[in-house]
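Observations on the model geometry
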Amino acid sequence: MRLSPKGGDENALMFQFFTWDCSHPHMSWWKHFETEVPNLAALGVTQVWLPPPNKAMRKEGQGYDAYDLWDLGEFYQKGTIATRWGTKEELVRAIAAANAHGIDVLIDAVLNHKLGADRPEKFMVVPVDPNNRLKDLGPPREIEGWTAFDFLGRADKYSSFKWTHEHFTGRLDWDHRTRTKGVYRIASPRHRGWSRWVDTELGNYDYLLGIDIDHRHPEVRKDLFRWGSWVLETTGGAGFRFDAIKHMDRRFLLQFIKHVREAVGRPDLFSVAEYWSSNIDLIKPYIRAFEGQVTFFDVPLHYNFHEASKAGSRYDLRKILDRSVLKYRPGDAVTFVDNHDTQIGQTLESWVGSNFKLQAYALILLYGEGHPCVFYGDLYPNHECYDARVAPGLRRLMDARRKFAYGPRVDYFHPSASDEESPSEHCVGFARRGDARHGGCAVLISNADLLADAGSGGEDVVDAGAVRDRPVHTIRMDMGQDNAGARYRSLFAPEDQVVCAGPDGWASFTCPYGALQVWVKEGGDVVSGL
């Protein structure tokens, strides 16, 4: 799949350009993105994942509360023309700027559900157990629910399709007639119940929220297929991020991807899916089912990082990559440290603490397998999750990926009985030997505590001044015969130390306790200013 519009052998990099509650004080979000495009390109970003561009049910809705997919901020609906993020014109202009700088843009496609119906309808339903959607709680009965979407403000432009209860499988929380809450499966001779091709959590996880779309309905399929090619051709987008796929009919989604690829003439169209589970065994069947047509966010690896940040020195770093998509199928893994869903206060809160944030980013950015995604909240100042002590180091790692993280990799995750300068449960690393145009690097990460009785490792990023006085780990690495005699300098505190490889290409690299160190072959410039 296409990871960069330029192709070639340069490292590709995805960037998530939003947080959950982000806004800009002086301009629309699309305009903010447009102004930052040159800076992102300079940091080696080749793909940007933007928030859902569709009209939401609320003026300030993020777009996951999807009302009208065909309104990208063009029509007066739900009390506004612009979406939370801006107007259609601003979006198209921003994506054009990104394309001009060699950056592809991914459209966040919310195809699982709809919210904000225009009027209620009466229809038959069966109430089901919220904890087991396969268990009926009573006989069919008539309710009144908000399921009709007329889109009067759009006046049939782009699509004349009108949604009714016939196009959904179920709805949650509200019978408008009796003012009662519940999970209801819509029932009629035309309805076929929940889809079988979804996750089996809660018996059947077809229903997530709002009004659940029936992806088996021919009119629904026709409209969504048309939208998929239209939104790319209209905006200049180059691929998709699919929201909440464990709740969607996976046969439909695979057909959607294949259809759009053919319709727009892009057999290498990039897609990434969100299947939220820390259990790799639950994700594996989905990876196989999608036949290599979509990549997957590496949620298990994220949870490894989260656990490592909470456990501190109690976490065995030799296991940091275990049971991840990266280890199971590296070509299908989109690796990340945090995103808008993992922020503190969100339903999937699992924030990676600052004490391990840069170590985690070093693993995904410099390792050489998996397709890494950097989170806006970690790099740009914001009121939700920004740490000014982390951002400069992240910028430095992004630049190191662009300039040095190339060539064959040798892992140092397990100790050697014959070498005292070897990995341990508190310090692991890897060597990148470089190629004809890039010098390579050596990476070491540590979670060791300075005191034997220290607790979880704390929540603070390592202070550069204090690091110079810390004890160090040493790992002897084979940088390859081609690097015999090469000089490597340190990027992180203590900075600008130098290690020389021996005539056999081996070198001994150090890393302060509880910190990160990246050693790069001399001859390239890296962003400074930790």
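Just so we're clear, the structure is a prediction, and the values are computed from it rather than from any experiment. (Residues numbered from 1 in each chain as written. Predicted model: local features only at pLDDT ≥ 70, side-chain atom pairs only at ≥ 80, totals over all residues. Heavy atoms only, no water.)

**Thoughts on the pattern of salt bridges**
One pass over the full model with this rule turns up 39 salt bridges. One salt bridge in this structure joins Glu 74 and Lys 157, with 3.4 Å as the shortest N-O distance. In this pair, Glu 74 sits in the loop between strand 4 (66-68) and helix 2 (88-100) while Lys 157 sits in the loop between strand 9 (141-148) and strand 10 (168-172), placing the two residues 83 residues apart along the sequence. Owing to a relative accessible area of 39%, Lys 157 belongs among the partly exposed residues under this scheme. Where Asp 378 meets Lys 357, a salt bridge forms, and the shortest distance between an N and an O atom there is 3.2 Å. In this pair, Asp 378 is assigned in helix 9 (residues 376-379) and Lys 357 in helix 8 (residues 354-366), connecting sequence segments 21 residues apart. Lys 357 shares its class with Asp 378; the two are buried. Connected via shared salt-bridge partners are Lys 31, Glu 34, Glu 89 and Arg 93. (Salt bridge = Lys/Arg side-chain N within 4 Å of Asp/Glu carboxyl O. Helix = DSSP H or I, 4+ residues; strand = E, 2+ residues; numbered from the N terminus. Buried < 20%, exposed > 50% of the residue type's maximum accessible area, 1.4 Å probe, protein only.)

**Brief notes about the side chain of Gln 343**
Along the polypeptide, Gln 343 turns up in the loop between strand 16 (333-336) and helix 8. Its relative accessible area of 3% is what places Gln 343 among the buried residues. Polar side-chain contacts of Gln 343 include one of 3.0 Å to the backbone nitrogen of Trp 20. Within the structure, the side chain of Gln 343 is placed 2.8 Å from the side chain of Glu 384, a separation counted as a polar contact. If near-sequence neighbours (up to four positions away) are discounted, Gln 343 is found in contact with Thr 19, Trp 20, Glu 349, Trp 351, Phe 375, Glu 384 and Cys 385. (Polar contact = N/O pair within 3.5 Å; in protein donor to acceptor, adjacent residues only side chain to side chain. Contact = heavy atoms within 4.5 Å.)

**Considerations on unusual backbone geometry**
In this chain, Ala 493 is followed by Pro 494 through a cis amide linkage whose omega measures -10°. By the secondary structure assignment, Pro 494 is in the loop between strand 22 (487-490) and strand 23 (498-500). The backbone phi angle of Ala 155 is positive, close to 55°, even though this residue is not glycine. Checked against the element boundaries, Ala 155 lands in the loop between strand 9 and strand 10.

**Quick notes on helix 3 (residues 218-235)**
In an α-helix, one turn spans 3.6 residues, which is why side chains three or four residues apart end up on the same side. Over its 18 residues, helix 3 runs 26 Å from end to end, which matches the ideal 26 Å to within 8%, given 1.5 Å per residue. Within the span of helix 3, buried status applies to Val 220, Asp 223, Leu 224, Phe 225, Trp 227, Gly 228, Ser 229, Trp 230, Val 231, Leu 232 and Thr 235. Looking at the packing, one finds that the buried side of helix 3 touches helix 2, strand 5 (104-109), strand 12 (211-213), strand 13 (239-242) and helix 4 (250-264). In the stretch just after helix 3, Gly 236 is the one whose phi turns positive, near 90°. (Expected span 1.5 Å × (residues − 1).)

**A short note on the sheet that holds strand 16**
The strand order around the closed barrel built from eight strands is 1-2-5-13-14-15-16-17, with neighbouring strands paired in parallel fashion. Mean inter-strand twist for the sheet, computed between neighbouring axes without regard to direction, equals 25°. Inspection of the sheet shows strand 2 (residues 47-49) paired to strand 5 by three bridges, in the parallel sense. Bridge assignment links Val 48 to a residue of strand 5, and that residue is Val 105. (Pairing = 2+ DSSP bridges. Axes fitted to C-alpha atoms, helices over the stretch in contact; angles between N-to-C directions.)

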